[in-house]
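If you want the building blocks of each chain, they are given just below.
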Number of protein chains: 2
Amino acid sequence: MNIAIVGVGLIGGSIGIRLKETKFCSKVVGVEKNESNQKKALQLNLVDEIQTLDEALASCKVLVLTIPVDAIMKILPGLLDKVTDQVIIDMGSTKSNILNLIQDHPNRGRYIAAHPMAGTEYSGPEAAIPNLFKDKMMVYVEAFKTDEDAFEIADAITDQLEMKSSFMNAEEHDMHTAYVSHISHLTSFALALTVLEKEKSQGRIFELAGSGFQSTVRLAKSSPDMWTPIFKQNRANVLEVLEEHIKQLQHIYDKIEQEDYDAVHKWIKKSNKIKRIIK
Amino acid sequence: MNIAIVGVGLIGGSIGIRLKETKFCSKVVGVEKNESNQKKALQLNLVDEIQTLDEALASCKVLVLTIPVDAIMKILPGLLDKVTDQVIIDMGSTKSNILNLIQDHPNRGRYIAAHPMAGTEYSGPEAAIPNLFKDKMMVYVEAFKTDEDAFEIADAITDQLEMKSSFMNAEEHDMHTAYVSHISHLTSFALALTVLEKEKSQGRIFELAGSGFQSTVRLAKSSPDMWTPIFKQNRANVLEVLEEHIKQLQHIYDKIEQEDYDAVHKWIKKSNKIKRIIK
């Protein structure tokens, strides 16, 4: 069996590394528009060869889509028009719009919506690393609409990546990811800009930046090409969580402004409950 | 030479570990109000013995203050009244108010304001770890007002901790820390609360939390007893940076709301400039 990775960046490249390592398939094919990334993907041994999308559809049993979510929206309907028994695995970060788009497609059963909850703040083929997925969660969305044999192949790949799995509907998935992933990126981008703006008048400001700053701001290195489409596709949920987050910040602004430090103490103590969630 | 650590928690305890390791002083004395923490500090071998503040002042050449900043404000004037040739090193996170408070004290020269830019989200004696300070920055504030011999002792301790050092005035220090430390904690607390609130209606929400969420939210485990006084002592700077941060978030809220994704892309790309600052 040949497997094609469509978009050989952080996610796609890391899948390539793992599938080549486990020899799960005869060949890992890369589909990649960007010429410089094609070369890097081959040099870094992330894939065995580069093909066009049509060539990959003809030569591979599985196509794994690891391109930005708006690009998936664009190519998926055309891909499904052409599939016969191939399996199309969509690894994008938002699901409602894409599932609505192809819900009535006659080949809907060959498609599976999966979201690997793994990543780093880096992008491109150079960002691909071994074991990116190990012990992380693969979320299947509306998996019951996928043909049994197609699901089994997708799940076998999840096993190869050494991931756990979970099932959700699209609304649940998109809302939950807004809360535990998309908002983290927004706060990081905003934090980076807040400090970068101040740096213009205060050159030495980063001299004091410690590990706390680094950890809250590291996601601000994430790619705008990947994240702009996510905010677009998940607009309603992202706006909801962003509104709530701004309210929290405005609340604590008011309490500090009013010098109500009992309220500040209580607010921090309440937030400490996150201890039971994260290690 | 004996050295007293006043407040044997994360910072004080980690200093104790290091000073005992390097045998820099004959004895490390712990001054600690909380009885359970006294026991832990001895059990964990962070200090050699526990004394009262007055005993420590009589038996030690150096007193290192590693208690919350409001507690430092409270005890420092009385301590300075009693010192003769001892050295008082204040390791708190804010400096303007404390320096104003003791600026005209006849024993001002025995005091040095120092801020080790190191820490974790944990607190208490159990949080103390070896090498917490290694290669981190010790910031001296208004060090020129400290007696030469007192500064030399403080700087020798900084060397023992294997830290680099930097000099600032109080306004600069408090403003910079608001930008690269205090705001990170506020965003983390707010992010934790945003998601914890939502969890009440959506139990499975943390199932998808990955490493990005963990890193932006980990500071929300930080102690309210330590952080409330920091926000109080650094109120003006904290409010300034919080206002700017909320503006950044409101700006991106508006752009997503208006579906102006070119602006979203540009905003993210601008924030990516943080790459040249953090590894």
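Since the model is a prediction, treat every value here as computed from it, not as a measurement.

Rules behind the numbers
Residues numbered from 1 in each chain as written. Chains lettered and ligands numbered in written order. Predicted model: local features only at pLDDT ≥ 70, side-chain atom pairs only at ≥ 80, totals over all residues. Heavy atoms only, no water. Salt bridge = Lys/Arg side-chain N within 4 Å of Asp/Glu carboxyl O. Helix = DSSP H or I, 4+ residues; strand = E, 2+ residues; numbered from the N terminus. Buried < 20%, exposed > 50% of the residue type's maximum accessible area, 1.4 Å probe, protein only. Domains from an automatic or database assignment. Contact = heavy atoms within 4.5 Å. Buried area = accessible area lost by both parts, 1.4 Å probe. Least-squares fit on C-alpha atoms with pLDDT ≥ 70 in both. Phe/Tyr/Trp six-rings, centres within 6.5 Å; stacked < 30°, edge-to-face > 60°. Pairing = 2+ DSSP bridges. Axes fitted to C-alpha atoms, helices over the stretch in contact; angles between N-to-C directions. Polar contact = N/O pair within 3.5 Å; in protein donor to acceptor, adjacent residues only side chain to side chain. Nonpolar A, V, L, I, M, F, W, Y, C, P; charged D, E, K, R; others polar.

1. Examining the pattern of salt bridges
- Counted by the stated rule, this structure contains 41 salt bridges over all chains.
- E121 of chain A is paired through a salt bridge with R218 of chain A; the nearest N and O atoms lie 2.6 Å apart. Note that E121 of chain A is positioned in the loop between β6 (111-116) and β7 (137-141) and R218 of chain A in the loop between α8 (211-217) and α9 (224-233), a separation of 97 residues in sequence.
- Overall, R218 of chain A belongs to the buried group, its relative accessible area being 17%.
- Here R110 of chain B makes a salt bridge to D147 of chain B, at a shortest N to O gap of 2.9 Å. In this pair, R110 of chain B sits in the loop between α5 (96-102) and β6 (111-116) while D147 of chain B sits in the loop between β7 (137-141) and α6 (148-160), placing the two residues 37 residues apart along the sequence.

2. Some points on the domain arrangement of chain A
Residue and element names in this part refer to chain A.
- Taken as a whole, chain A is organised into domain 1 (2-168) and domain 2 (173-276).
- Of note, the centres of domain 1 and domain 2, computed from C-alpha atoms alone, are 30 Å apart.
- Contact with domain 1, which involves 17 residues of that partner, is made by 16 residues of domain 2.
- Summed over both sides, the interface between domain 1 and domain 2 buries roughly 1,400 Å², with carbon and sulfur atoms accounting for 60% of that surface.

3. Some thoughts on unusual backbone geometry
- One non-glycine residue, N45 of chain A, adopts positive backbone phi at about 60 degrees.
- Of the residues examined, N45 of chain A reaches a relative accessible area of 47% and is grouped as partly exposed.

4. Notes on the relation of the copies chain A and chain B
- When chain A is fitted onto chain B, the two copies agree to an RMSD of 0.0 Å after a turn of 180 degrees and an axial shift of 0.0 Å. The transformation just described matches what one would write down for a two-fold rotation axis. In terms of C-alpha distance to the rotation axis, chain A has T216 of chain A as its closest residue, with the C-alpha 2.1 Å off the axis.
- The overlap is high: 100% of the interface residues of chain A also sit at the interface in chain B, so the same surface is used on both sides.

5. With respect to the packing of aromatic side chains
- Going through the model one piece at a time under the given rule, you end up with 12 aromatic pairs over all chains.
- Between the aromatic rings of F151 of chain A and F167 of chain A, the centroid separation amounts to 5.9 Å while the plane-to-plane angle is 40 degrees, which identifies the pairing as tilted. Separated by 16 residues along the polypeptide, F151 of chain A in helix α6 (residues 148-160) and F167 of chain A in strand β8 (residues 164-168) bring together distant segments of the chain.
- Judged by its relative accessible area of 18%, F151 of chain A falls in the buried class.
- On the numbers, 6.0 Å between centres and 75 degrees between planes, the contact of W267 of chain A with F189 of chain B is edge-to-face. On the criterion of chain membership, the pair formed by W267 of chain A in helix α11 (residues 261-271) and F189 of chain B in helix α7 (residues 170-199) is interchain, its members lying in two chains.
- F189 of chain B sits in the buried class, given a relative accessible area of 0%.
- The structure contains a cluster of three or more aromatic residues connected by ring pairs, namely Y140, F151 and F167 of chain A.

6. Brief notes about the environment of K134 of chain A
All names here are of chain A.
- Mapped onto the secondary structure, K134 falls in the loop between β6 and β7.
- K134 sits 48 residues away from Q86 along the chain, and the two C-alpha atoms are 26 Å apart.
- In this structure K134 touches L161 and E162, once residues within four positions along its chain are discounted.

7. A closer look at the sheet that holds strand β1 (residues 2-6) of chain B
Residues and elements named next belong to chain B.
- One open sheet accounts for 8 strands, arranged β3-β2-β1-β4-β5-β6-β7-β8; its pairing is mixed. Both outer strands of the open sheet, β3 (49-50) and β8 (164-168), are each paired with one neighbouring strand and no more.
- Against the sheet, helix α1 (residues 10-22) contacts β1, β2 (27-31), β4 (62-65) and β6, and its axis sits at roughly 160 degrees relative to β1.

8. What to know about the interface of chain A and chain B
- Each partner contributes residues to the interface: chain A has 91 residues there, and chain B has 91 residues.
- Of the roughly 8,700 Å² buried at the junction of chain A and chain B (both faces included), carbon and sulfur atoms supply 69%.
- Among the residues of chain A in contact with chain B, V180, L208 and K221 of chain A are the three that bury the most area, contributing 8% of the side total.
- Here chain A is connected to chain B by 9 salt bridges.
- E199 of chain B is paired through a salt bridge with R276 of chain A; the nearest N and O atoms lie 3.0 Å apart.
- On the surface where chain A and chain B come into contact, there are 33 residue pairs in polar contact (both at pLDDT 80 or more).
- Secondary structure elements with two or more residues in the side of chain A that touches chain B: β7, β8, α7 (170-199), α8, α9, α10 (235-257) and α11 of chain A.
- Tallied by class, residues from the side of chain A that touches chain B come to 45 nonpolar, 24 polar and 22 charged.

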